[in-house]
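A closer look at the structure
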Amino acid sequence: MPRPKKIRCLQFRPDVYYFKPQGIPLRMLEEVVLEPDELEALKLHDVDGLEQIKGAKKMGISQSTFARILDKAYKKIVDGVIFGKAIRIEKIQYEY
């Protein structure tokens with residue numbers, strides 16, 4: 001039985017949810033999906049300048065999990081940029 005997924009503290013809400021190469025219709029592009037926790041980790045580490053330990057603490061996860069999330073996010077972004085794919089940011093589903 002797999003371990004239950006830990007709830008992560010996500011505070012960043014982007015204004016834009018798609019990035020794509022200019023001049024190519026979206027329907028003609030492959031898509032890379034960036035998950036909300038991946039975007040949050042990127043923001044904390046690269047925009048806010050937090051070290052992995054501090055970023056992990058803000059998200060309520062371990063440093064090793066934070067590092068794995070960052071690695072996945074970087075690989076997805078590089079895949080989109082190098083191979084000309086659209087990058088879609090998955091919207092957070094809030095439960096009220």
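As the structure is a prediction and not an experimental result, all values here were calculated from the model. (Residues numbered from 1 in each chain as written. Predicted model: local features only at pLDDT ≥ 70, side-chain atom pairs only at ≥ 80, totals over all residues. Heavy atoms only, no water.)

**Observations regarding the overall build of the protein chain**
- The secondary structure content of the protein chain amounts to 3 helices and 3 strands.
- Seen in sequence order, the protein chain has helices and strands lined up from the N terminus as β-β-α-α-α-β.
- Considering only contacts in the protein chain between residues 6 or more positions apart, those separated by 24 or more positions represent 73%.
- Per element, the accessible surface of the protein chain, about 7,200 Å² overall, is 56% carbon and sulfur. (Helix = DSSP H or I, 4+ residues; strand = E, 2+ residues; numbered from the N terminus. Contact = heavy atoms within 4.5 Å. Areas by Shrake-Rupley, 256 points an atom, 1.4 Å probe, with all protein chains shown as cover.)

**Focus: the nonpolar core**
- Counting residues in hydrophobic clusters, the biggest one holds 13 residues, and the most contacted among them are L34, A41, L42, M59, I61, F66 and L70.
- Elements with a minimum of two residues in this core: α1 (36-47), α2 (52-59) and α3 (63-82). (Core = buried A, V, L, I, M, F, W, Y, C linked by side-chain atoms within 4.5 Å. Buried < 20%, exposed > 50% of the residue type's maximum accessible area, 1.4 Å probe, protein only.)

**Comments concerning the pairing of strand β2 (residues 31-34)**
- Here β2 shows one buried face, formed by V32 and L34, and one open face, formed by E31 and V33.
- Pairing of β2 with strand β3 (residues 86-89), which is carried by 4 bridges, proceeds in the parallel orientation. From the neighbouring strand, V33 faces β3, where its bridge partner is R88. (Pairing = 2+ DSSP bridges.)

**Re the pattern of salt bridges**
- Inspection of the entire model under this criterion finds 8 salt bridges.
- For R88, the salt bridge is made with E31, and the minimal N-O distance between the two is 2.9 Å. Here R88 is found in strand β3, whereas its partner E31 is found in strand β2, with 57 residues between them in sequence.
- Judged by relative accessible area, R88 falls into the partly exposed class, the value being 21%.
- Among the ionic pairs, D71 bridges to K75, the shortest N-O distance being 3.2 Å. Here the residue D71 and the residue K75 both occupy positions in helix α3, the gap between them amounting to 4 residues, near one helical turn.
- Relative accessible area serves as the criterion here: at 38%, D71 is assigned to the partly exposed category.
- Look at the salt bridges and you will find they share partners, linking E30, D79 and K85 into a network. (Salt bridge = Lys/Arg side-chain N within 4 Å of Asp/Glu carboxyl O.)

**A few points about the sheet that holds β3**
- Sheet architecture is open: 3 strands sit in the order β1-β3-β2, paired in mixed fashion. Two strands lie at the open edges of the sheet, namely β1 (18-19) and β2, each paired on one side alone.
- With 2 bridges connecting them, β1 and β3 associate as antiparallel partners. By the bridge assignment for β3, Y18 is matched with R88.
- Sheet contacts for α1: β2 and β3; angle to β2, the most-contacted strand, approximately 70 degrees.
- In this fold α3 packs onto β2 and β3, with an angle of close to 155 degrees to the strand it touches most, β2. (Axes fitted to C-alpha atoms, helices over the stretch in contact; angles between N-to-C directions.)

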